[in-house]
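Residue-level structure breakdown
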Amino acid sequence: MMYGFLVCRASQKATRNWLSSFNLSRSVHSLPFATVDAEGISGSQPAKVHNLVQGKWIGSSTWNTIVDPLNGEPFIKIAEVDETGTQPFVESLSKCPKHGLHNPFKSPERYLLYGDITAKAARMLSVPKVSDFFTRLIQRVAPKSYQQALGEVQVTQKFLENFSGDQVRFLARSFAVPGNHLGQQSHGFRWPYGPVAIITPFNFPLEIPVLQLMGALYMGNKPILKVDSKVCIVMEQMIRLLHHCGMPSSDVDFINSDGKTMNKLLLEANPQMTLFTGSSKVAEKLAVDLKGRIKLEDAGFDWKILGPDVDEVDYIAWVCDQDAYACSGQKCSAQSILFMHENWSATSLISKMKDLAERRKLEDLTIGPVLTLTTEAMLDHMNKLLQIPGSKLLFGGKPLENHSIPSIYGALKPTAVYVPLEEILRAKNYELVTREIFGPFQVITEYKKDQLPMVLDALVRMHAHLTAAVVSNDVLFLQEVIGKTVNGTTYAGLRARTTGAPQNHWFGPAGDPRGAGIGTPEAIKLVWSCHREVIYDFGPLPKLWEIPPST
């Protein structure tokens, strides 16, 4: 008992010493891990982003320049690895064996190490100055309102809290089944893949890569991480925070490169598993190139159905506005299409949605630049939809005004286009209508009581089944819709939404064996470990055993 008490006191003292090294009175740009000032990054004071390989931060002979998405000013320099510079990363991954950096039989103390690292990182992200640092940094590279960016930091912090202490080793919980005779038992274990890769997009530059990176590390893998270059500075700073919290510097490699170089690296390094979050087109290419050793959380043309029971119109309109236009619609869970029961057409829902959309403004980033589509591309898509018979513009449809957003990015007012249900289902229109526009754009349609089968037909024909919302408290209606659809994260009930990936529930697609989840123990175990069965068979042999006849 005294030994345990002394160990506990020593641990508490070490934690106090660690916390004391983090002087909360410091200014933001002197945080102990930070190498940039989120507020001060500019053309005259550009930030630099480095690569991490084999435990060392390195530059590059080639520096790619990122422009400020709000004014076009070159403000971040990225040390970009080209096709001739991939070898150190290939060698680093090759040093990790297939049985991982740790597993239930090897270096189990690393489960405890990562529980401790996670606890420290969670405490740091809970400090207002650290939370504000990452919130502001996210805003600089992926402009969204302060509350939306802060929400991303808070989800990440809560996730880290969830997996502090013993929760990491609990992810590797095994089971045993009695065998056929004395001395035989089968044991099921969660086993790492070893060398793995993580590729994540721009829209959630902290939450997605942190949750997937930590899940990979918890299970014993060695990951190489690539984040979209436009926002990679956020994860570079987060990795430095993790190092400050005790993460071994050689456990993670971090690379900045274009897609062609990363593809080459993956083919040469041949990781046992790759997690890809991003566009369906790239996902399908990687699935072929990597011979299926991949987990995907790709595009989502996400739908919402308003059921026959009309209630709380103001609230429903507000949720629809948030789902479609928060983060300028740049969420893989954004509301792409809204199916309204005819009972809703008699309400003021559309006019309320229009009013809410029009109060969004660039000044507070409740609407902002679209980083993957130009204004012209979004307007061209809108005009093609408006050529469909019966279609009409409900609101928006015009470029943002009085801004300095560079032309390489999009700047569109929140937009909604009505398309008749019968026209959506026509073969010549369906692909166009269900094209995901990763921006402030949605399609709205109406269905009558006897047209629910048509709506369900439209839903199952979609190729990506990520999030969905069934807005109704009619239990029979909910059963009908949920029972005949497949989306992996489906909200149901009056308060249903399409967006939201908190740390407390699974977020990911369904209907695809390659589908990847995020956030929960189930997601981590599915994506970052495989099943291994060990059958112990110690004997003894039966008395007077003799060699039996051949069989």
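What counts, and at which threshold
Residues numbered from 1 in each chain as written. Predicted model: local features only at pLDDT ≥ 70, side-chain atom pairs only at ≥ 80, totals over all residues. Heavy atoms only, no water. UniProt positions renumbered as here; feature names shortened; annotations may be inferred. Pairing = 2+ DSSP bridges. Helix = DSSP H or I, 4+ residues; strand = E, 2+ residues; numbered from the N terminus. Axes fitted to C-alpha atoms, helices over the stretch in contact; angles between N-to-C directions. Contact = heavy atoms within 4.5 Å. Buried < 20%, exposed > 50% of the residue type's maximum accessible area, 1.4 Å probe, protein only. Polar contact = N/O pair within 3.5 Å; in protein donor to acceptor, adjacent residues only side chain to side chain. Core = buried A, V, L, I, M, F, W, Y, C linked by side-chain atoms within 4.5 Å. Phe/Tyr/Trp six-rings, centres within 6.5 Å; stacked < 30°, edge-to-face > 60°. Lys NZ or Arg CZ within 6 Å of the ring centre and 35° of its normal.

- The name recorded for the chain in an unreviewed UniProt entry is Probable aldehyde dehydrogenase, from Populus euphratica.
- Database annotation for the chain, UniProt heading Sequence similarities (unreviewed entry): "Belongs to the aldehyde dehydrogenase family."

1. With respect to the sheet that holds strand E20 (residues 530-537)
- Spatial strand order, E6-E7-E20: 3 strands in an open sheet with antiparallel pairing. Unpaired on one side and paired on the other, strand E6 (175-178) and E20 mark the two borders of the sheet. Taken pair by pair, the neighbouring strands of this sheet meet at an average axis angle of 20°, ignoring direction.
- The pairing of E6 with strand E7 (residues 184-191) spans 4 bridges and is classified as antiparallel. What sits directly across from Val 177, in E7, is Ser 186.

2. With respect to the side chain of Thr 277
- Of note, Thr 277 is situated in strand E11 (residues 273-277).
- Filtering out sequence-adjacent residues up to four positions away, Thr 277 remains in contact with Ile 199, Thr 200, Pro 201, Ile 208 and Glu 297.

3. What to know about the sheet that holds strand E1 (residues 47-49)
- As summarised here, the arrangement of the 3 strands in space is E1-E5-E4, forming an open sheet in which the pairing is mixed. Each edge of the sheet is formed by a strand with only one pairing partner; in this case those strands are E1 and strand E4 (63-67). The average angle at which neighbouring strand axes cross in this sheet is 25°, direction not considered.
- Pairing between E1 and strand E5 (residues 74-79): 3 bridges, direction parallel. Following the sheet pairing, Lys 48 is matched in E5 by Lys 77.

4. Quick look at the side chain of Asn 487
- Note on placement: Asn 487 falls in the loop between helix H18 (475-483) and strand E19 (489-492).
- According to the relative accessible area criterion, Asn 487 is buried, its value standing at 8%.
- A distance of 2.8 Å separates a polar atom in the side chain of Asn 487 from the backbone oxygen of Thr 467.
- Apart from residues lying up to four places away in sequence, Asn 487 is in contact with Trp 303, His 465, Leu 466, Thr 467, Ala 468 and Ala 510.

5. Structural notes on the nonpolar core
- If you look at the biggest cluster of nonpolar residues, it comprises 84 residues, and the most contacted ones within it are Ile 76, Phe 134, Tyr 218, Ile 233, Met 235, Met 238 and Leu 241.
- Apart from residues lying up to four places away in sequence, Leu 241 is in contact with Phe 33, Ala 121, Met 124, Leu 125, Val 130 and Phe 134.
- Core analysis: the second largest hydrophobic core is formed by 35 residues, Phe 301, Val 443, Val 470 and Leu 478 among them.

6. Topic: the environment of Lys 106
- Considering the arrangement of structural elements, one finds Lys 106 in the loop between helix H2 (87-94) and helix H3 (109-126).
- The class for Lys 106 is partly exposed, based on a relative accessible area of 26%.
- Counting along the chain gives 329 residues from Lys 106 to Arg 435, while the straight-line C-alpha distance between them is 47 Å.
- Those residues in contact with Lys 106 that lie beyond four places of it in its chain are Pro 97, His 99, Gly 100 and Leu 101.
- Separated by 3.3 Å, the side chains of Lys 106 and His 99 make a polar contact.
- A distance of 2.6 Å separates the side chain of Lys 106 from the backbone oxygen of Gly 100, its partner in a polar contact.

7. Examining unusual backbone geometry
- The omega torsion of the bond from Gly 539 to Pro 540 falls at 15°, within 30 degrees of zero and hence cis.
- In this structure, Gln 54 takes a positive phi of about 50° despite not being glycine.
- In this fold, Gln 54 is placed in the loop between strand E2 (51-53) and strand E3 (56-58).
- Accessibility expressed as a relative area gives 32% for Gln 54, which makes it partly exposed.

8. Let's talk about the packing of aromatic side chains
- Counted under the stated rule, the structure contains 14 aromatic pairs.
- Each ring, one from Phe 105 and one from Phe 189, has its centre 5.1 Å from the other, and the planes form 70°; the classification is edge-to-face. You can see Phe 105 sitting in the loop between H2 and H3 and its partner Phe 189 sitting in strand E7, a full 84 residues away along the chain.
- The exposure class of Phe 105 is partly exposed, given its relative accessible area of 48%.
- Assessed through its relative accessible area of 8%, Phe 189 is described here as buried.
- Through a chain of ring-to-ring contacts, the aromatic side chains of Phe 33, Phe 133 and Phe 134 assemble into a single cluster.
- The cationic tip of Lys 144 hangs over the ring face of Phe 204; the distance from NZ or CZ to the ring centre is 4.4 Å.

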